[in-house]
Amino acid sequence: MMKKLKILGAVLFATAIGTGIFAFGTIEDAPQKVREAFAKKFPNVKKVKWEKESDTEWEGEFKMKGTEYSANFLQDGTWQETEHEIKKKSIPANIKTILETEFSGYEIEEAEISETKDGSVYEFELEMGEEELEVAIDTNGRVVKKEILKETDKEDKK
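Note that the coordinates shown come from a computational prediction; the quantities given were computed from them, not determined experimentally.

Attention now moves to the side chain of Glu 83. Tracing the backbone shows Glu 83 in strand β4 (residues 79-85). The exposure class assigned to Glu 83 is buried, which follows from its relative accessible area of 15%. Non-local contacts of Glu 83, meaning those with residues more than four positions away in its chain, are made with Glu 68, Tyr 69, Ser 70, Glu 112, Ile 113, Ser 114 and Glu 123.

Here it is as structure tokens:
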């Protein structure tokens with residue numbers, strides 16, 4: 001009887017592994033609705049690394065034309081945001097002027113474009129000495145967000 005149970009257990013375990021019930025690592029596969037919404041929005045992207053951002057939101061990381069992107073979707077498939085890094089030389093002149101005047105002395109650590117249903121904004125991580133700022137500027141050059149990053153925030157970024 002024990003031997004039969006062991007064999008049955010081994011067969012069930014092998015079947016489970018074969019069907020991928022046992023997932024290794026923390027990267028999970030997003031729900032069907034999220035994957036379908038992603039495929040509709042980015043039909044040419046085949047490789048996506050999904051991570052659960054919160055109880056209601058998933059983030060997919062992928063590459064398009066050699067650039068790294070991330071896209072966020074709600075559990076029900078509603079698209080929230082797409083972000084990608086940009087080179088400093090790609091920052092438009094009007095945005096550069098704002099950075100140079102309002103954030104004089106700060107160095108650009110990271111520059112991204114964030115696209116949402118409300119439009120696009122440029123997001124920057126700026127640094128001067130020990131101080132780090134997170135700044136968002138809309139396409140018209142209006143500063144829409146300015147936040148000092150605390151030490152704990154910096155640790156999360158790494």
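Read across the sheet, eight strands follow the order β1-β2-β3-β4-β5-β6-β7-β8 without closing on themselves; strand pairing throughout is antiparallel. Two strands bound the open sheet, and with one partner strand each, they are β1 (49-52) and β8 (143-149). This sheet shows a mean twist of 20° between the axes of neighbouring strands, independent of strand direction. Looking at chain direction, strand β2 (residues 57-64) and strand β3 (residues 67-74) are connected through eight bridges and run antiparallel.

So, about the environment of Glu 123. With respect to the secondary-structure elements, Glu 123 resides in strand β6 (residues 119-128). Its relative accessible area of 21% is what places Glu 123 among the partly exposed residues. Considering only alpha carbons, one finds Glu 123 and Glu 110, 13 residues apart in sequence, at a separation of 8.1 Å. With sequence-adjacent residues up to four places away left out, Glu 123 is seen in contact with Glu 81, Glu 83, Glu 110, Ala 111, Glu 112, Ser 114, Val 135 and Ala 136.

Our next topic: the environment of Ala 136. With respect to the element layout, Ala 136 can be found in strand β7 (residues 131-138). On the basis of relative accessibility, which here comes to 4%, the residue Ala 136 falls in the buried class. When the C-alpha positions of Ala 136 and Ser 114 are compared, they lie 9.0 Å apart, and in sequence the two are 22 residues distant. Once you skip the residues sitting within four places of it in the chain, Ala 136 turns out to touch Val 121, Tyr 122, Glu 123, Arg 142, Val 143, Val 144 and Lys 145.

About the thresholds
Within every chain, residues take consecutive numbers counted from 1 along the sequence as written. pLDDT decides what is reported in this predicted model: residues at 70 or higher carry local features, side-chain atom pairs at 80 or more are listed and counted, and totals for whole chains, interfaces and linings draw on all residues regardless. In computing side-chain properties, one takes all heavy atoms of the structure into account and sets aside hydrogens as well as water. A helix here means a DSSP run of H or I that spans at least four residues, while a strand means a run of E at least two residues long, and both kinds are numbered starting from the N terminus. Burial status follows relative accessibility: with a 1.4 Å probe on protein chains alone, a residue under 20% of its type maximum counts as buried, one over 50% as exposed, and anything between as partly exposed. We call two residues in contact whenever any of their non-hydrogen atoms come within 4.5 Å of each other. When DSSP finds two or more bridges between a pair of strands, those strands are recorded as paired. Interaxial angle, 0 to 180 degrees, is taken between N-to-C directions of lines fitted to C-alpha atoms, where a helix line uses only the stretch in contact.

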